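# Structure assessment
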Amino acid sequence: MKEKKNLTSDINKSKVKFTSTVIIVTICIFLSKLTGLLREQIFAYFFGANWETDAFIISFLIPNQFRQLLADAILSAAFIPVFSSYLALGKKRDAKKLANTLINLLIIIFILIIIIVFITIPSIYRILPSLKDDLSQQSLAILLTRIMFLSLLFMGLTAIVSALLNSYESFVPPAFSTVIWNILIILTFLLLYRKYGILSFAVGIVIGTIGQFLFLLPFLRNKDFNYELDIDLNHTGVKEVMLLSFPIILSLGSAQLNNVINKVFALSIGSGEITILEYASYLWFFPVGIFAVAVSTIIFPHISKQAAKSQIEDLKDSFLSGIKLTNFLLTPSSMGIISLAYPIVKFLFERGEFTSNNTISTAVVLSYLALSLVPYGMVLILNRTFFALKDSKTPLKVAIFSICCTLFFNMILIRFLKTAGLALSTSLVISINFLLLFLLLRKKIGRLGGTKILYSTLKIFLASCIMAVFTYFAHDYIYNLLSSYKLGLLFSILISITLALMVYIALCFIMKVEELSTIFQVIKERFKTS
């Protein structure tokens, strides 16, 4: 009986520690999202939604895809499980050799990619829809791509340092580093805009990426890690990472291909549609980046170490905690976005070249995208659980299937809903991904606490629905009272969100939602320590 009490106490302490870390990282990511939102507002104010912005987004898409496919795939998905397993088993020398080999290999690969892209990018853009017939847009896109590709090497180095810090369970610096990135982009743009126009944003991305990397370096020096100019291709860990990486690269490539497919479809609809889709996607990713990324980032090294020690039951507990906390945070976010989509977009973007028609279109697209918030957060955790178990083939198979689903739903829904159809297609595909991955993981390691997840989900969903209805009418009423004031829209949104949060917390408290109790316990522990 005493042993059972001690076990329960240890589990509760683990949940409190996990939730506490999530809260701190969430605050850092929230700050990064706020500065990112300011960056997007400045971009929207000066450029609106037109052929120049379409060219910029396409140009940034390519280096960003390379970064996500190579740096994120190899480091975040394949490197962390192997590196964490060496740390968990006390093999520090092997861990360092693995890290240094991959750092040096990626530096060589990124430099080669930059050279190749500089030479071949004009030929690539000549075959793209809309760009091939518009020489001015094509020339701008080529120049923007060449400028922003200079940042690729430092994007990769930043991803390497972030992965190492996360493996050492130092989560705050990587989460905060994006704030530095956004601030440097904004400052560069404001200094150079009058002379260079939209090119100054591209230069800002290069300077911001270098600054982000330099910000992280001192934190890595405090860890037990030294950089060495060493490449050992025969190292067991290197071979293991490479074996895991290939399916992961294809898997993430498939996911990114869905993104590219959506943008190509958006280009076919008309000028500015790709930019509207991009603005809506950014707002959609705001809560995902704050909550789901924080949870999945923190849980990944933890479950990787549990998998390395074959602690499957502990891994299941960690997985369940992550899923339930993600659900608790993202369900009200999803419903809140749907109820406040129009006023939020109007306040953030409707000024300068961004028109009221742009606001309506972006709000509709955002509402459809919001339907996928919860399943997307779940997919992040499910994928990382498979990667922790060193199974990268299952997510690949699901990702390839999702490409077929994306093409199918896009072709049907674009006829009826235009750009909003692409958003609805995205939500449907992500939901299918979640169901398939969950069922396949259950088949692989056994029961995942589906009943507990369902019970928790029903309570959270009910509380979120009531909150959303309340929020919609509360904002309408408050805005009517404050509309004559200059900042009436801002205050009506802030007051509505505050009231919505209070309603949601009260309902979760009445329904005895476990995640709320854990958060209260974290706050209580913080007050005790202070």
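Scope of this entry: the structure provided in the associated data block. If you're wondering where the values come from, they're calculated on a predicted model, not measured in any experiment.

Criteria and cut-off values
Positions within a chain are numbered from 1, following the residues in the order the chain's sequence is written. In keeping with the model being predicted, local features are shown solely for residues with a pLDDT of at least 70 and side-chain atom pairs are shown and tallied solely at 80 or more, while totals for entire chains, interfaces and linings include all residues. Note: side-chain values were computed over all heavy atoms of the structure, leaving out hydrogens and water. Candidates for patches are residues over 30% relative accessible area with no salt bridge; among them, like charges are joined within 9 Å and nonpolar side chains (Val, Leu, Ile, Met, Phe, Trp, Tyr) within 5 Å. Surface accessibility in these figures is a Shrake-Rupley result with a 1.4 Å probe; residues are shielded only by whichever protein chains are displayed. In what follows, salt bridge is the name for a side-chain nitrogen of Lys or Arg lying within 4 Å of a carboxyl oxygen of Asp or Glu. Only DSSP runs of H or I reaching four residues or more are called helices, and only runs of E reaching two or more are called strands; each is numbered from the N terminus. Note on exposure labels: buried denotes an accessible area under 20% of the residue type's maximum, exposed denotes more than 50%, and partly exposed covers the range between, all computed with a 1.4 Å probe on protein chains only. Comment: axis = line fitted to C-alpha atoms, over the contacting stretch for helices; angle = value between 0 and 180 degrees taken between N-to-C directions. Orientation categories follow fixed angle ranges, with anything under 35 degrees roughly parallel, anything over 145 roughly antiparallel, 65 to 115 roughly perpendicular, and all other angles oblique. If you view the pair so one helix is near and one far, a crossing is left-handed when the near helix is turned anticlockwise from the far one by less than a right angle, and right-handed when it is turned clockwise. Working rule for contacts: check all heavy atoms of both residues, and any pair within 4.5 Å makes them a contact. Asp, Glu, Lys and Arg are counted as charged, while Ala, Val, Leu, Ile, Met, Phe, Trp, Tyr, Cys and Pro are counted as nonpolar; the rest, among them Gly, fall into the polar class. Counted as a polar contact is a pair of N or O atoms within 3.5 Å, where, for protein atoms, one must be capable of donating a hydrogen and the other of accepting one, and residues adjacent in sequence contribute only when both atoms are in side chains.

### Overview of a nonpolar patch on the surface
Judged by side-chain polarity, Ile108, Leu112, Ile116, Ile231 and Leu233 come together as a nonpolar surface patch covering roughly 460 Å² of accessible area. You can see Ile108 is positioned in helix H3 (residues 92-125). A relative accessible area of 44% places Ile108 in the partly exposed class.

### So, the packing of helix H10 (residues 312-349) against helix H12 (residues 373-388)
Contact pair H10 / H12: the axes reach a minimum separation of 7 Å and the direction vectors enclose 160°. As summarised for this structure, H10 and H12 are arranged roughly antiparallel, according to the angle between their axes. In the crossing of H10 with H12, the sense of the turn from one axis to the other is right-handed. The residues of H12 that touch H10, namely those facing Leu315, Phe319, Gly322, Ile323, Thr326, Asn327, Leu330, Thr331, Ser333, Ser334 and Ile337, are Leu373, Val374, Gly377, Met378, Ile381, Leu382 and Thr385. Broken down by class, the residue content of the contact of H10 with H12 amounts to 10 nonpolar, eight polar and no charged.

### A word on the side chain of Ser496
Within the secondary structure, Ser496 is located in helix H16 (residues 488-510). Judged by relative accessible area, which is 0%, Ser496 ranks as buried. Within the structure, Ser496 has its side chain in polar contact with the backbone oxygen of Ser492 (distance 2.6 Å). Other than its neighbours up to four places away in sequence, Ser496 contacts Thr471, Ala474, His475 and Ile478.

### With respect to unusual backbone geometry
The phi dihedral of Glu169 is positive, around 60°, even though this residue is not glycine. Along the chain, Glu169 falls in the loop between helix H5 (152-167) and helix H6 (172-196). Non-glycine residue Lys512 carries a positive phi angle of around 60°. By secondary structure assignment, the location of Lys512 is in the loop between H16 and helix H17 (514-529).

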